[in-house]
Amino acid sequence: MELFTVNRYTEDHKKSKGSGETANEDAILQKLLQKAEKRKRKHKSSEPEAPQETVEDIKEPEAKEDATQDEVETEPTEETAPTEEVDSNDFQVIGSTAKKQKVEMVLPAWLAHPTIIEGGNLIPDGDAEAAGDDEASIKQLSYLEKSTLRALKQMKIKRLFPVQRAVIPWVLEAQSKPEPFRPRDICVSAPTGSGKTLAFAIPIVQMLANRVECKVRALVVLPVAELALQVFKVFSVLCSHTELQVCLLSKQHRLEDEQKKMVEQYKDSYYSKVDIVVTTPGRLVDHLHATKGFCLKSLQFLVIDEADRIMDAVFQNWLYHLDSHVRSTADQLLAGVQAPLCYQELLDSYGKQPHKLLFSATLSQDPEKLQNLRLFQPKLFTTVLTLPKLQPKLENGEQTEQDVQQSANQFIGKYTTPAELTELHCLTEMRYKPLTLYALVQQYGWKRFLCFTNSADTADRLGFVLSSLFKDTSIHVAELSSKMSAHNRKVRLSQFMRGGINGLICSDALARGIDVPNVDIVVSYDAPRHIKTYIHRVGRTARAGQKGTAVTLLTDQDQQQFKKMLNEVGKSLGDEITTSPDLELQHAGIYKTALEGLRRRQENQKKDQRVEKIRKSRKANLHKQAGGADGLTLMEKLQLKAIDDLADEKPKEEPKQPKPEGQKGPKAQNTQLMRLDHQLKC
Ligand SMILES: Nc1ncnc2c1ncn2[C@@H]1O[C@H](COP(=O)(O)OP(=O)(O)OP(=O)(O)O)[C@@H](O)[C@H]1O
């Protein structure tokens, strides 16, 4: 089929232009007429009613002037464009206005037909005992080793949760099959707080417990350092009754310290000192490149927790690095660059892939993303029993056949919240939001709450305002954001866990996976922009079978958008919670004072930033003039040190605490910095 014609410049064309311009025009006209005739015939057979195109149309001066415009003829016009749906077997003409056939998403069979984890609800130990439910009691489960039982006792765990009862025996069974059987990789989608960590930690520890030589055999990858630490602690308890060594890698430690913990060198060979490595993707890549002797050729398990987050584009290249590392070590063995201990080792390491275990509360249903992980005959476990009901398309509320079909193709484990969670919302206005939150805490007596904002800046400002509002009360709130150093974050979190802080204001850095016991309320101060963010935020409460409440503050503008987002995944807005207008009015005065305080602080921060900028540029200039640090006079070196000391002294994260008398506040330091800067200028 001729889609379009482009007339190119040719020598003949040029020659004829000078001598017989009219003859050439006639030839073009002739050609055009022939084409029009051809089209007319074609139309007659397909659309008899279509209005006939006249020759005059073609005789348009533009057509004569430039024969390259022939292509216009073949572009579909309203008359020529087919209105019926295109047969999917035909090629589609680019730019065609033809109605595209709607393509239904069809999931691969393993995603569309998951293994359902029975008994979705988590019953707290006490209630289960009272109900005489001994089935899940760890003493009854023959597949649990003695060391595991002891560790679980240490953790005060008496029963396994449904996800653990489904996944642990399955992995143990799959791993026990002899070669050439290869265990199927698994994806587990279960609600937040349903005990996914133990579901992968127990079988790994049990399978590796009898190993002879220490080698890295399990790699657990988590998106952030706090989560890695949490999972590391679980592994540490489980391994405490075995000889297995577990190691945590994250940017919170020095690379050299971690290297010493992982590998030791004896003569010319390196030996692994650890069996299980828990890491963040970034740190893993650092070690793959920088740590000599860090070898993953014996990797038996690769766990990806919070899998959907890890599969996001930012983290993509860690997989590439891991893959190429595993391949290159196998190649080195084959090429004889690295001597195998025996022939069997060579055989064992060649082309061997670790058993991949993926876990998440919001697992991606995008097969393309999952494909990056090159899963081997994957199997999906999910706890959800009911399908989210799609919005009916018919006016009478009935579902169309298409709806039903679409429901069948929905991945049912996609976005689920724990059954013990109550979801509420509170309507407010943008400018009174902090006051509304303050009134809610006071009115309902919240003692342990997490409050999420959409950015670290908002968390910082809200933390300041709420601290001022609660100044004279027994409630202590504090901020925790990605702007803080890892150490300070750790300190704040443990203060909150120990009850020293009642309310933690945080950005979404803490929304995923963090297990803080007994959080009663999760407040979304800013409405979340994505459903996954919402699911993970609210998942910080109602964990491990406990009850919990999630409250979202909504302005008029937010409401529609948020409702739509929930409806799309079969959830609803939940009940409304209100504050007493009296309470808000009553505290309007302190709210005003808090806002004024915030304004002053913002101004001071701006000043600080300006001074810091000047300091840096002065320092750079001084270095430039002296041609490096060695060229500085003693006086200049002292001046530089004084600048650095002052900058280090500056309290960066605790500006809210009033300074004791006599101690220099940021303002005094600023003046000193300026004075020093002036001296340097002179
Ligand atoms: N069988 C059990 N009995 C009692 N408590 C348990 C059991 N298993 C896990 N827990 C506790 O439940 C809490 C949540 O567990 P875990 O962090 O593994 O959940 P999760 O499913 O990974 O949650 P998230 O998706 O938010 O990361 C932890 O405090 C853990 O100690």
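Along each chain, residues carry numbers from 1 onward, in the same order as the chain's sequence is written. Local features in a predicted model are, by the rule used here, given only for residues with pLDDT of at least 70; side-chain atom pairs are given and counted only at 80 or more, and totals for whole chains, interfaces and linings are based on all residues. Only hydrogens and water are set aside; all other atoms, that is, all heavy atoms of the structure, feed into the side-chain values.

Within an unreviewed UniProt entry, the label attached to the protein chain reads ATP-dependent RNA helicase, and the organism entered is Drosophila albomicans. UniProt positions are given in the numbering used here, feature names are shortened, and annotations may be inferred rather than shown by experiment. Reading the Function (unreviewed entry) entry of the UniProt record for the protein chain gives the comment "RNA helicase." Of the protein chain, the UniProt comment under Catalytic activity (unreviewed entry) reads exactly: "ATP + H2O = ADP + phosphate + H(+)".

Novice: Any chance you could break down the site of the ligand for me, citing the residues and the numbers?
Specialist: A cutoff of 4 Å decides nearness: a residue is near a molecule or strand if any of its heavy atoms lies inside that distance of it. Residues in contact with the ligand amount to 19 residues; listed here are only the nearest, Arg159, Lys196, Thr197, Asp515 and Arg543. The definition of a polar contact used here is a pair of N or O atoms within 3.5 Å, where within protein one atom must be able to donate a hydrogen and the other to accept one, and adjacent residues in sequence count solely through side-chain atom pairs. Here an oxygen atom of the ligand sits 2.8 Å away from a polar atom, N or O, in the side chain of Lys196. A distance of 2.8 Å separates an oxygen atom of the ligand from a polar side-chain atom of Arg543. Here the Shrake-Rupley method, with its probe set to 1.4 Å, supplies the accessible areas, and only the displayed protein chains count as covering residues. Protein chains shield 85% of the accessible area of the ligand, which is 640 Å² for the free molecule. If you tally residues by element for the shell around the ligand, the top one is helix 10 (residues 196-208), at 3 residues. Class assignment for the residues of the shell around the ligand results in 6 nonpolar, 7 polar and 6 charged. For the domain bounds, the source is a domain assignment made automatically or taken from a database. Split by domain, the shell around the ligand shows at least three residues from each of two domains, domain 1 (109-334 + 342-384) and domain 2 (421-587). Segments assigned H or I by DSSP are reported as helices when at least four residues long, segments assigned E as strands when at least two residues long, and all are numbered from the N terminus. Each residue is assigned to one of three groups, with Ala, Val, Leu, Ile, Met, Phe, Trp, Tyr, Cys and Pro labelled nonpolar, Asp, Glu, Lys and Arg labelled charged, and all others, Gly among them, labelled polar.

Novice: Provide a residue-level description of the packing of helix 9 (residues 162-176) against helix 10, including the pertinent values.
Specialist: Here helix 9 crosses helix 10 at 25 degrees, and the two axes come no closer than 9 Å. In this view, helix 9 runs roughly parallel relative to helix 10, as classed from their interaxial angle. The two elements helix 9 and helix 10 meet at a crossing, and its hand is right-handed. Together, Val163, Gln164, Val167, Ile168, Val171, Leu172 and Gln175 of helix 9 and Lys196, Leu198, Ala199, Ile202, Pro203, Gln206 and Met207 of helix 10 make up the contact between the two elements. Looking at the contact of helix 9 with helix 10 residue by residue, the class counts come to 10 nonpolar, 3 polar and 1 charged. Under this scheme, a helix contributes an axis fitted over its contacting stretch, all axes are lines through C-alpha atoms, and angles between N-to-C directions fall in the 0 to 180 degree range. In what follows, roughly perpendicular refers to angles from 65 to 115 degrees, roughly parallel to angles under 35, roughly antiparallel to angles over 145, and oblique to any angle outside these ranges. Two helices crossing with the near one rotated counterclockwise from the far one by less than a right angle form a left-handed crossing, whereas a clockwise rotation gives a right-handed crossing. We call two residues in contact when some of their heavy atoms are within 4.5 Å.

Novice: Can you lay out unusual backbone geometry for me, pointing to particular residues and giving the numbers?
Specialist: A negative phi angle characterises most non-glycine residues, just as the trans form characterises most peptide bonds. Phi is positive for Lys156, which is not a glycine, with a value near 65 degrees. Along the chain, Lys156 turns up in the loop between helix 8 (146-154) and helix 9. A 1.4 Å probe rolled over the protein chains alone gives each residue an accessible area, and that area as a share of the maximum for its type sets the label: buried under 20%, exposed over 50%, partly exposed in between. On the accessibility criterion, Lys156 (71% relative accessible area) is exposed. If you check the backbone angles, Ala542 has positive phi at about 55 degrees while not being a glycine. On the secondary structure map, Ala542 appears in the loop between helix 22 (531-538) and strand 16 (548-554).

Novice: Could you give an account of the pattern of salt bridges, naming the residues involved and the relevant values?
Specialist: Whenever a carboxyl oxygen of Asp or Glu lies within 4 Å of a side-chain nitrogen of Lys or Arg, that contact is scored as a salt bridge. Following the criterion strictly, the structure yields 15 salt bridges and no others. Note that Glu213 and Lys215 form a salt bridge whose closest N and O atoms lie 3.7 Å from each other. Exposure remark for Glu213: the relative accessible area of 34% places this residue in the partly exposed category. A relative accessible area of 18% places Lys215 in the buried class.

Novice: Any details on the environment of Val516? Residues and values, ideally.
Specialist: Topologically, Val516 is positioned in the loop between strand 14 (503-506) and strand 15 (521-524). By relative accessible area, Val516 is classed as buried at 3%. Placed 20 residues apart in sequence, Val516 and Phe496 show a C-alpha to C-alpha distance of 8.5 Å. Apart from the residues within four sequence positions on either side, Val516 is in contact with Arg448, Leu493, Phe496, Met497 and Arg540.

Novice: Go over the sheet that holds strand 8 (residues 301-305) with me, naming the residues and quoting the values.
Specialist: Paired strands, in this sense, are two strands between which DSSP finds at least two bridges. Ordered by their spatial adjacency, 8 strands build an open sheet running 1-10-2-9-8-3-7-4, and the pairing between neighbours is parallel. One side of each edge strand has no neighbouring strand; the edge strands of this open sheet are strand 1 (115-116) and strand 4 (246-249). In terms of strand pairing, strand 3 (residues 218-221) meets strand 7 (residues 276-279) through 4 bridges, oriented parallel. Residue pairing for strand 7: Val220 is matched across the bridge by Val278. Across the sheet, helix 13 (residues 281-290) lies against strand 3, strand 4 and strand 7, angled at about 125 degrees from strand 7, the strand it touches most.

Novice: Tell me about the nonpolar core, and please be specific about residues and values.
Specialist: Take the buried Ala, Val, Leu, Ile, Met, Phe, Trp, Tyr and Cys residues and link them wherever side-chain atoms come within 4.5 Å; each set so joined is a nonpolar core. Phe235, Ile276 and Val278 are the most contacted members of the largest nonpolar core, which totals 58 residues. Of all the elements, helix 10 adds the most residues to this core, at 8 residues. Inspection of this core shows a minimum of three residues originating in each of domain 1 (109-334 + 342-384) and domain 2 (421-587). Sequence-distant contacts of Ile276, defined by excluding residues within four places in its chain, comprise Ile204, Val205, Leu208, Ala218, Phe235, Cys239, Leu244, Gln245, Val246 and Cys247. Counting residues in each nonpolar core, the second largest holds 34 residues, with Leu111, Cys187, Val277 and Ile304 among its members.

Novice: Account for the sheet that holds strand 16, naming residues and giving values.
Specialist: Across the sheet, which stays open at both edges, the 7 strands sit in the order 13-14-12-15-16-11-17 with parallel pairing between neighbours. In this open sheet, the two strands that pair with only one neighbour each are strand 13 (477-480) and strand 17 (575-576). One ladder, built from 2 bridges, connects strand 11 (residues 421-427) with strand 17; its direction is parallel. Residue pairing in the sheet places His425 in a bridge with Glu576 of strand 17. Strands in contact with helix 19 (residues 433-444) are strand 11, strand 12 (449-452), strand 15 and strand 16; relative to strand 16, the strand with the most contacts, it is inclined by about 155 degrees. Lying over the sheet, helix 23 (residues 556-568) contacts strand 11 and strand 16, oriented at roughly 125 degrees with respect to strand 16.

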